[in-house]
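An overview of the molecular structure
Single-letter residue listing:
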Amino acid sequence: MRGGVQRGGSGPEPGETAADDVWVGLDLGTQSARAYVVSGDGRVVGSAGVALRSVREGARHEQDPRQWFEAVAAASRAALAGIAPERVRGVATCATSGTIVLVDAAGGPLTPGVMYDDMRAGAQAARIDASGAFEHPISPSWALPKLLWMLESWPQLGPGARLAQQADVVTRALAGHEVPSDCSHALKSGYDQQHETWPWAELETLGVPGALLPEVVRGGSLLGEVCPEAAERTGIPPGTPVIAGMTDGCGAQFAAGAVRAGSWNAVLGTTLVLKGCSELRVDDPSGLLYSHRAPDGGWLPGGASSCGAGVLTAHFPGRDLDDLGRRAAAFEGTSALAYPLVTRGERFPFAAPAAEAFVCGEPAGEAELFAALAQGVAFVERLCFDYLDLLGAATDGELTLTGGASRSRPWCQLRADVLGRPVRLVEQPEAAVGMAILAASASASTSGPASASASRWASGPGSASWRGSAGGGGGAAVASPIARMVRTREVIAPRTDRAPALTASYLRLVDELERRGWLGERLASHARARADA
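Residues numbered from 1 in each chain as written. Predicted model: local features only at pLDDT ≥ 70, side-chain atom pairs only at ≥ 80, totals over all residues. Heavy atoms only, no water.

With that settled, the discussion passes to the overall build of the protein chain. When helices and strands are counted, the protein chain shows 17 helices and 23 strands. Within the span of the protein chain, comprising 533 residues, buried residues form 58% of the whole. Pairs at least 24 residues apart make up 73% of the contacts formed inside the protein chain by residues separated by at least 6 positions. Only carbon and sulfur atoms are counted for the fraction: they give 51% of the accessible area of the protein chain, which is about 20,300 Å². (Helix = DSSP H or I, 4+ residues; strand = E, 2+ residues; numbered from the N terminus. Buried < 20%, exposed > 50% of the residue type's maximum accessible area, 1.4 Å probe, protein only. Contact = heavy atoms within 4.5 Å. Areas by Shrake-Rupley, 256 points an atom, 1.4 Å probe, with all protein chains shown as cover.)

The subject of this paragraph is the packing of helix H11 (residues 366–391) against helix H17 (residues 521–532). It is the contact of H11 with H17, at a shortest axis distance of 9 Å, that shows an interaxial angle of 100°. Regarding the angle of H11 to H17, the classification is roughly perpendicular. Residues Arg382, Leu383, Phe385, Asp386, Tyr387, Asp389 and Leu390 of H11 touch H17, and the partners they reach there are Arg522, Leu523, His526, Ala527, Arg530 and Ala531. Partitioned by chemical class, the residues of the contact of H11 with H17 number seven nonpolar, one polar and five charged. (Axes fitted to C-alpha atoms, helices over the stretch in contact; angles between N-to-C directions. Parallel < 35°, antiparallel > 145°, perpendicular 65-115°, else oblique. Nonpolar A, V, L, I, M, F, W, Y, C, P; charged D, E, K, R; others polar.)

On to the packing of aromatic side chains. The relative placement of two aromatic rings is captured by the distance of their centres and the angle of their planes. Tallying each qualifying case throughout the model produces eleven aromatic pairs. An angle of 85° between the planes, with centres 5.8 Å apart, marks the rings of Trp149 and Trp154 as edge-to-face. Taking 5.6 Å as the distance between ring centres and 35° as the angle between the ring planes, the aromatic pair formed by Tyr339 and Phe358 counts as tilted. Highlighted residues: Tyr339 in strand S19 (residues 337–339) and Phe358 in strand S20 (residues 358–360), separated in sequence by 19 residues. There is no split in this pair, since Tyr339 and Phe358 are both buried. Taken together, the ring pairs connect Tyr339, Phe350, Phe358 and Trp518 into an aromatic cluster. Looking at Arg516, its charged tip hangs above the ring of Phe358, at a distance of 3.8 Å from the centre. (Phe/Tyr/Trp six-rings, centres within 6.5 Å; stacked < 30°, edge-to-face > 60°. Lys NZ or Arg CZ within 6 Å of the ring centre and 35° of its normal.)

Negative phi values dominate among residues other than glycine, just as trans dominates among peptide bonds. Geometrically, the link from Phe348 to Pro349 is a cis peptide bond, its omega value of 15° lying close to zero. Summarising the element assignment, Pro349 is placed in the loop between S19 and S20. Even without being glycine, Glu196 reaches a positive phi, approximately 55°. You can see Glu196 is positioned in the loop between helix H5 (183–186) and helix H6 (200–206).

To continue, consider the environment of Ala84. Among the secondary structure elements, Ala84 is positioned in the loop between helix H1 (66–79) and strand S7 (88–95). Assessed through its relative accessible area of 22%, Ala84 is described here as partly exposed. Expressed as a C-alpha distance, the spacing of Ala84 and Asp21, which sit 63 residues apart in the sequence, is 9.9 Å.

What follows concerns the pattern of salt bridges. Scanning all chains against the criterion turns up 33 salt bridges. The closest approach of N and O atoms between Arg89 and Asp21, which form a salt bridge, is 2.7 Å. Note that Arg89 is positioned in strand S7 and Asp21 in the loop between strand S1 (5–8) and strand S2 (22–28), a separation of 68 residues in sequence. Note on Arg89: relative accessible area 35%, which makes it partly exposed. Of the charged contacts, one joins Glu57 and Arg60 as a salt bridge, the two residues approaching to 3.5 Å between their closest N and O atoms. (Salt bridge = Lys/Arg side-chain N within 4 Å of Asp/Glu carboxyl O.)

Now for the nonpolar core. Ranked by internal contacts, the top residues of the largest apolar core, which has 66 residues, are Leu274, Tyr339, Leu383, Trp411 and Leu513. Considering every element that reaches this core, the biggest residue donor is H11, with 17 residues. Ala71, Ala78, Val170 and Ala175 belong to the second-largest nonpolar core, a separate cluster that totals 44 residues. (Core = buried A, V, L, I, M, F, W, Y, C linked by side-chain atoms within 4.5 Å.)

Let us now look at the environment of Trp411. Tracing the sequence through the fold places Trp411 in helix H12 (residues 409–419). Discounting residues that sit within four places of it in the chain, Trp411 has contacts with Leu268, Ala309, Leu312, Ala374, Val377 and Ala405.

Within the protein chain, residue pLDDT values average 88, and 89% of them lie at 70 or more. pLDDT under 50 marks residues 447–478. Its contacts with residues more than four places away, or in other chains, come to 75 contacts. (pLDDT = per-residue confidence, 0-100.)

Attention now goes to the side chain of Ser263. Along the chain, the position of Ser263 falls in the loop between helix H8 (248–256) and strand S15 (264–268). Judged by its relative accessible area of 4%, Ser263 falls in the buried class. A polar contact is formed between the side chain of Ser263 and the backbone oxygen of Arg260, at a distance of 2.6 Å. With near-sequence residues (within four places) excluded, Ser263 lies in contact with Ala258, Lys275, Gly276, Cys277, Gly397 and Glu398. (Polar contact = N/O pair within 3.5 Å; in protein donor to acceptor, adjacent residues only side chain to side chain.)

Time to look at H8. In terms of burial, H8 is a largely internal element, seven of the nine residues being buried. Gly257, located one to two residues past H8, shows a positive phi value of around 75°.

Burial within strand S3 (residues 32–39) is extensive, with seven of its eight residues counted as buried. Two strands pair when backbone bridges link them, and S2 and S3 are joined in this way by seven bridges, in the antiparallel orientation. By the bridge assignment, Val24 is partnered in S3 with Val37. Hairpin remark: S2 followed by S3, antiparallel, with three residues in the connecting loop. Pairing of S3 with strand S4 (residues 44–51), which is carried by seven bridges, proceeds in the antiparallel orientation. Note on S4: the bridge partner recorded for Val37 is Gly46. (Pairing = 2+ DSSP bridges.)

Take the packing of helix H2 (residues 122–131) against helix H3 (residues 143–153) next. In the contact formed by H2 and H3, the axes pass within 8 Å of each other and the chain directions differ by 120°. The handedness of the crossing between H2 and H3 is right-handed. Residues Gln124, Ala125, Arg127 and Ile128 of H2 form the contact with H3, whose participating residues are Leu144, Pro145, Leu148, Trp149 and Glu152. Its residues assigned to classes, the contact of H2 with H3 shows six nonpolar, one polar and two charged. (Left-handed = near helix turned anticlockwise from the far one by under 90°.)

Listed below in structure tokens is the structure:
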């Protein structure tokens, strides 16, 4: 429904009182803006979504930034209908990583919003790599090469132009004044999260004026309070604390509760994304794994494969995938071997631009092909964890499965069997729920009204946020609200009798990827050694 509001969830439960606190999480995605209202015990008491419109043409993907706050405001107003204003304690926003716009001094857009998967900045990405300014390769989809492309495409922007991440457009409108970016959304713009500063000299050399760059704080920092105009449009009461958010991937990670060192969230949708938590930064010289700075100073490493559930819709367009999945259960012992790339080229856990999807063997029919593809996704997921182990990342904590594929219990069981470890499912894995949890966590670590501390961000990274947390990788300020607000739906244990056959098939895929020259010998050997162990 174009531009229309779609309601979900419900109003307050019977017996609730106005004293029950709730937090608002906003998620600005590709196709829609979503708002979730979450209580302190993790119940979603209101939700709504509003469609967004995109312009796609070849490598181009743009949106009109003026619709972003309009959509968020409509979704928020619908989600909060019937909820007493005094219950609302905070709001945080997540958006897509790498989506940027240039704005004027008043926050108005000077350019279209260039989306996260816009690929027109290939020449600029090559120039950044050639400069040696960064230690790892830069993808054309990252915000920094897109920023260079935008500066070349709109050379007459004026002295007041500023870089804004997608989420900044919303947080500025909520607060009614200029606010800093958060370091999570700013990562792909070149922000140095380890030293918590912009690499000024390198960016100036590339042609990025320092005056263009915003202040940056950690997610969870207090940015200000909802202004009267925004309150009128969103339904969020004036004076509500506006909390710096993080990217949508980090939002899903918070919703999954993967905030203890060694814990991971595997998001399986069209493609597979892994997000983890580590006390120390996990260095990857290849740049395949990158880390967001956690609100408490720890690290949130992550990587995204080009394999995923999208391969099923590509092979079986318009089909009932649930029915095919049930029929595929009869082929757990399939000898067919599939590498389930959704698009040409792999990006994690190895880089192979020339890699292509393949199926070895002859499946007896579509049900066995489905089984082989589903197993292939699980094998790639296992290879991802082998790569993380090779890098020295801790992976021995809880593993939570989210994304559209987590609705298929047989597939979740298969993934547990292939990985040889329990997997956890949660009730509310949405990124907007993670933002509500982030806002609640920030509330737990700050005191006093927003108006008293709205400008603390100017004193340095991490100010007005997460103080008193117990060390990196998930401290007390993080864990307490998440322990209350993340609800476990089920824990699925691996079936050990399946392990020998599945491991043999996994190693066949490792051999085939290495034989084709896509998978390096170092990771292939490490995968075999872990299987033997």
